Amino acid sequence: MVTEEDIQAVQGLISFIESCPSMFHTASTIAARLEAQGFVRLPEGASWQGKLEPGGCYYVVRNGSSVIAFKVGERAVDDPDRYHFQLTAAHGDSPTFKVKAAPELDGPEGTLRLNVEAYGGMIDYTWFDRPLSVAGRVLVRAGDRVESRLVAPDRDLLLIPSLAIHLDRGVNDGFSPNRASDLCPLVSAGELGAGSFDTFVAEEAGVEPGQVLARDLFLVNRQPARVWGAAREFVSSPKLDDLMCVYTSLTAFLAARNPGCVQVFCCFDNEEVGSNTKQGAMSTFLPDVLARATAALGFAPEDYRRALAKSMLVSCDNAHAVHPNKPEKYDAGNRCRLNCGIVVKEAANQHYCTDAFSRAVFRAVCERAGVPCQSFANRSDMAGGSTLGNLSNIQASMHAVDVGCAQLAMHSSYETAGVCDVRLATRALQAFFEADVRIDGAEAVTFA
C-alpha cells in the first residue's frame, strides 16, 4: 500500500530530477546539497595534505559532471587493519540527443531545424511530439579567462514533429526513424534565421554571441513528472534511469552514520556511452580520490591496497520490471516488480558485477534492516545490458554488487517506476552505509 511517506519520498525525487536537466546540472545540484550539509570541496589541482581528518566530510568534482563525496568515520583511521571503504556508484547521464558544433539546419519553406546526434541508446520514437528544450554548459570568453556556465532555458523551445499518417500509411506496421533526417527538432517556422540558436544560447549564458567558444548542450524532455494511478502506485518522469538511483543513494549517504569506515558516494558521467572518459566510471577518478584521501589521512600506499581488498561497492543502476504486455521477454524465475523493493542484478557474463559473495552480503544487509530485496537476470537467450560496477572495478578492484530500482520503459524519453521503491531503495542503501561491513577475503564477512 502506498503511504504518505512514500509520496513524500517520491516528491523529493521529482524535485531532484527537475533540478538536473543535464549531467552538468546534476553535478551542480549534488554539490549544492553536499555543501548545505557541511561538505568541503577538494579541488583536484590542490594539495589535500593536512586537510582531511576523522569525522570530516569532503567532495570532489571532475569535468563539472562527475562527483565523488566521502565521509571519514570518527574511528575509521584508528586501526590500519580495519581501514576500508563502503561505496555506492550511480550515473548522472541519460540517453538523449546532443547539439552539434554547427547547430542549425535549413529546412524547406524557410523552416529552421536543430542539428543533433544521438547520445546513448534511446528509444527514438519516444522523442516525437513532445515539448523540448536544451541544457548543459557553455564555455565563454571572459577577459583573459575561459569560463564554464550552466544554461537551462525554462521554456518549450523545440519539438520533433511526426509525419501525418495520411502521408505514411504504413507507419503503424513499423517505423525506424532515421536520426539524420527524421529526428531534427523544429526551431522556427520562418521567424528565425541562421545564427538564431547561437544568439539565444549566448543570451542565456549572459554574454555576447562572439564570447561563446564551445558548448555541450543536450535535448531535454520538458514533460513534467507525474505520480499517477488510482492507487497512486506509479511515478513517470524523464531520466529515471539513472537519477532515481542517484537520488536514493545520495539521500541514503547523507542520512547514514557509520564511525567505523569511509563512506563514499559516486555519481559518474558518460555511463550511457561506455564510461571510458576521464570522468567516467572506467577512468582514474575513483582510484585517484580514494588513494589521495588515504594518503592525506596518514596511510601508506600499501594501506590503500589493503583497504580495497576489504571494501565493497554497490553499483546502482535501474532494473527492468516485468512489462504487463510482454511478460514473455523476462526470465521465468528471476524477474522483478514495481513497488517490491531494490533489485539485485546478476549475469553469468559479468556485465553485472554481482557474484555469490556480494549478493550474500547485500541480502544480509537488507534482511538485517527488514528491507525487501528482489532478483533480476535476463532470459538465457537474450543479451542483457551492462552498467558501471564492473567498469569501475577495472581501476579500483573490490567486492561489488549491482542493484537498482525496478522500472518500465528504460531509455524512453519518459520512464515509469514504482512510488514505493524510492523509500525502499533509500532504506536499503542507508542500511548498507551503516552496516560497517568487515570483509575477510572472499571467505567471510561480519557486521560491526
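Predicted, not measured: the structure shown is a model, and the values here were computed from it.

**Student:** Would you mind going over the overall build of the protein chain with me for this structure?
**Tutor:** Looking only at helices and strands, the protein chain features nine helices and 22 strands. A compact globule built from 448 residues should have a C-alpha radius of gyration of about 22 Å, and the protein chain, at 23 Å, falls within 12% of that. Taking the contacts inside the protein chain whose residues are at least 6 apart along the sequence as the reference set, 77% of them involve residues at least 24 apart. Roughly 19000 Å² of accessible area belongs to the protein chain as shown, and the carbon and sulfur atoms make up 49% of that amount. On the protein chain, the mean spot of the 41 positive side-chain charges and the mean spot of the 54 negative ones are 2 Å from each other.

**Student:** Hey, could you run me through the packing of aromatic side chains in this one?
**Tutor:** Each pair of aromatic rings is reported with the distance of its centres and the angle of its planes. With the rule as written, the count across this model stands at 13 aromatic pairs. Centre to centre, the rings of Tyr 119 and Phe 218 are 5.5 Å apart; their planes meet at 75 degrees, and the pair counts as edge-to-face. Here Tyr 119, found in strand β6 (residues 112-119), pairs with Phe 218, found in strand β10 (residues 212-221); they are 99 residues apart in sequence, far enough to count as distant. Of the two residues examined, Tyr 119 and Phe 218, each falls in the buried class. The rings of Phe 39, Phe 253, Phe 265, Phe 432 and Phe 433 are connected pair by pair, giving a single aromatic cluster. Taking the ring centre of Phe 253 as reference, the NZ or CZ of Lys 71 above it sits at 4.9 Å. The ring of Trp 48 is capped by Arg 292, whose NZ or CZ atom sits 4.1 Å from the centre of that ring.

**Student:** Just to check I follow, could you spell out the nonpolar core for this structure?
**Tutor:** Across soluble globular proteins, you tend to see nonpolar side chains buried next to one another. Residues Ile 30, Leu 34, Phe 253 and Phe 362 are the most contacted members of the largest nonpolar core, which totals 62 residues. Residues within four places of Ile 30 in sequence aside, it is in contact with Phe 16, Val 67, Val 246, Leu 250, Phe 265 and Cys 267. Formed by 36 residues, the second largest nonpolar core is a distinct cluster that contains Leu 52, Val 77, Leu 286 and Leu 290.

**Student:** Is there a simple way to explain the pairing of strand β22 (residues 444-447) in this structure?
**Tutor:** Here strand β21 (residues 437-440) runs beside β22; their pairing, made up of four bridges, is antiparallel. Its bridge partner being in β22, Asp 440 is matched across the sheet by Ala 444. Hairpin geometry of β21 and β22 is characterised by an intervening segment of three residues between the two adjacent antiparallel strands and by a positive phi of about 60 degrees at Gly 441.

**Student:** What exactly am I supposed to notice about unusual backbone geometry here?
**Tutor:** Trans is the common state for peptide bonds, and a negative phi is the common state for residues other than glycine. The residue after Asp 241, namely Asp 242, is reached through a cis peptide bond having omega 15 degrees. As for its placement among the helices and strands, Asp 242 is situated in helix α4 (residues 240-255). Even without being glycine, Asp 129 reaches a positive phi, approximately 60 degrees. Looking at the element boundaries, Asp 129 is found in the loop between β6 and β7 (132-142). With a relative accessible area of 45%, Asp 129 lands in the partly exposed category. A positive phi angle, close to 65 degrees, is found at Gln 350, a residue other than glycine.

The rules behind these values
Residues numbered from 1 in each chain as written. Predicted model: local features only at pLDDT ≥ 70, side-chain atom pairs only at ≥ 80, totals over all residues. Heavy atoms only, no water. Helix = DSSP H or I, 4+ residues; strand = E, 2+ residues; numbered from the N terminus. Rg over C-alpha atoms; globule rule 2.2 N^0.38 Å. Contact = heavy atoms within 4.5 Å. Areas by Shrake-Rupley, 256 points an atom, 1.4 Å probe, with all protein chains shown as cover. Lys, Arg positive; Asp, Glu negative; His and termini not counted. Charge placed at Lys NZ, Arg CZ, Asp CG, Glu CD. Phe/Tyr/Trp six-rings, centres within 6.5 Å; stacked < 30°, edge-to-face > 60°. Buried < 20%, exposed > 50% of the residue type's maximum accessible area, 1.4 Å probe, protein only. Lys NZ or Arg CZ within 6 Å of the ring centre and 35° of its normal. Core = buried A, V, L, I, M, F, W, Y, C linked by side-chain atoms within 4.5 Å. Pairing = 2+ DSSP bridges.

Shape is all these values report; function is a separate question.
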